[in-house]
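Below are the chains, spelled out letter by letter.
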Amino acid sequence: MYEPREDSYLLEKEVKRFAIGNVLDIGTGSGIQALAAAGCRKVRSVLAVDIDRGVIEACKAGIRNAKITFLQSDLFSNVKGKFDTIIFNPPYLPLDQVPNIALDGGKHGYELTKRFLDSADEHLKTEGKILLLISSLTKKDKVEQFLKEDLFDFRIISEQYVGGFENLYVYMILKSDFLKELERLMITGIKKLASGHRGEIYTGIWKGKKVAIKRQLPALKFDTITNEIKVLKKINKYKIGPKLLLVKNKCFIYEFISGDFIEKFAEGHDKKQIKKVLLDVFNQCFILDKLKLNKEEMHHPYKHIVVGKKAVLLDFERCKPTSDPKNVSQFCQYIISSRLSEIMRNKGFRIDKNKIIELSKQYKKDFSNKNFNAITDLLS
């Protein structure tokens, strides 16, 4: 059992200030935070959990309080329902410093805290709060990165300098407005997938299916989302791009595309399968050219084409109308680029670089079926 120390007492003060409603105390240890919460007038009940069965039995034997229920659980594994307040004073020392379950926070000290944060929103009520204690030994910047990725707002409400080498911090953590909005849409299991220069992408479950959620970076001053939504609405009619499902303020939800980026796909498949995918992408580029839309980045689309059941083009935030679209000609550049051409040679393709350049120039003068077919015939 982890006996109360400076960190316990620092967190206890904030629990007495802020705990309300139904409370969940994760990693209860000695039960100090559960008792502090139970003593609050606005607290109705406290569920105190710990991974260690011996700790739970000791708490049951030593603590008598009608508000408190003790339960063995590895974080949220045996916990049901949502809470107004969640308290966590996690083990936060790196594994190599101390082989003790009560102190071991993972290889770097923050892994257990990340596990907690990744599941916390599912057990926190919409207007609920989390009181989390961390140490400077936990790498504060990493924890704050995890908080942002999990769409939490946060602030430090208390801190203490300890022993000449360590700072302790208590965080007040709330659901961000964006997270609340996604939950109102009945999207669950929200996880960050990727971040770019203009937007960030999350995944979640909506109506029983995995979806992707894309939003504009909060700090970005110019609008990139509205354009991409407009483009997707148009090209979805031609079965290009991921299917747009729902549009909200500065974000949209679309079908999640599982598969491999095009180069990884090419490395793991034979010539016939690769040819089929390349022709599919060329045909989609041809349609975009006919629509007078320039996707951009088709000369290096290694992260913009995902191949699963079919080839799907991603990321249309830079796509714009133009009288001189370059989708097919840019994809020709990619076909003969060093990134892809070596993979294709190893798979048995023999494409004449000078010929495809010449045919691409002819195509740019006249977007005819004849000129387009001359290019795709080179794949044979």
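Whatever comes next refers back to the structure up there.
These remarks concern the structure in this document.

### Let's talk about the pattern of salt bridges
Evaluation of the coordinates by the stated rule reveals 18 salt bridges. Note that Glu183 and Lys175 form a salt bridge whose closest N and O atoms lie 2.8 Å from each other. For the pair formed by Glu183 and Lys175, the shared burial category is buried. Of the charged contacts in the structure, one is a salt bridge between Glu317 and Lys214, with a shortest N-O distance of 3.0 Å. Highlighted residues: Glu317 in the loop between strand E16 (311-313) and strand E17 (320-321) and Lys214 in strand E10 (residues 209-216), separated in sequence by 103 residues. Overall, the relative accessible area of 4% leaves Lys214 in the buried class. Three or more residues are tied together by salt bridges with common partners; here these are Arg198, Lys214, Glu228, Asp315 and Glu317.

### Thoughts on the packing of helix H4 (residues 111-120) against helix H5 (residues 140-149)
Relative to each other, H4 and H5 sit at 15 degrees, their axes nearing to 10 Å. Considered as vectors, H4 and H5 are oriented roughly parallel to each other. Viewed along their axes, H4 and H5 form a crossing whose handedness is right-handed. Contacts between H4 and H5 involve Thr113, Lys114 and Leu117 on the former and, on the latter, Val143, Phe146, Leu147 and Glu149. Split into classes, the residues belonging to the contact of H4 with H5 amount to four nonpolar, one polar and two charged.

### Some thoughts on the packing of helix H9 (residues 271-290) against helix H13 (residues 369-376)
Remark: H9 packs on H13, axes separated minimally by 11 Å, with the N-to-C direction vectors making an angle of 155 degrees. The angle between H9 and H13 falls in the class roughly antiparallel. The handedness of the crossing between H9 and H13 is right-handed. Every residue of H13 that contacts H9 at Leu279, Phe282, Asn283, Phe286 and Lys290 is listed here: Asn369, Phe372, Ile375 and Thr376. A breakdown of the residues in the contact of H9 with H13 according to their chemical character gives five nonpolar, three polar and one charged.

Basis of the calculations
- Residues numbered from 1 in each chain as written.
- Predicted model: local features only at pLDDT ≥ 70, side-chain atom pairs only at ≥ 80, totals over all residues.
- Heavy atoms only, no water.
- Salt bridge = Lys/Arg side-chain N within 4 Å of Asp/Glu carboxyl O.
- Buried < 20%, exposed > 50% of the residue type's maximum accessible area, 1.4 Å probe, protein only.
- Helix = DSSP H or I, 4+ residues; strand = E, 2+ residues; numbered from the N terminus.
- Axes fitted to C-alpha atoms, helices over the stretch in contact; angles between N-to-C directions.
- Parallel < 35°, antiparallel > 145°, perpendicular 65-115°, else oblique.
- Left-handed = near helix turned anticlockwise from the far one by under 90°.
- Contact = heavy atoms within 4.5 Å.
- Nonpolar A, V, L, I, M, F, W, Y, C, P; charged D, E, K, R; others polar.

Note that every value here comes from positions in space, so none of it alone points to a role or purpose.
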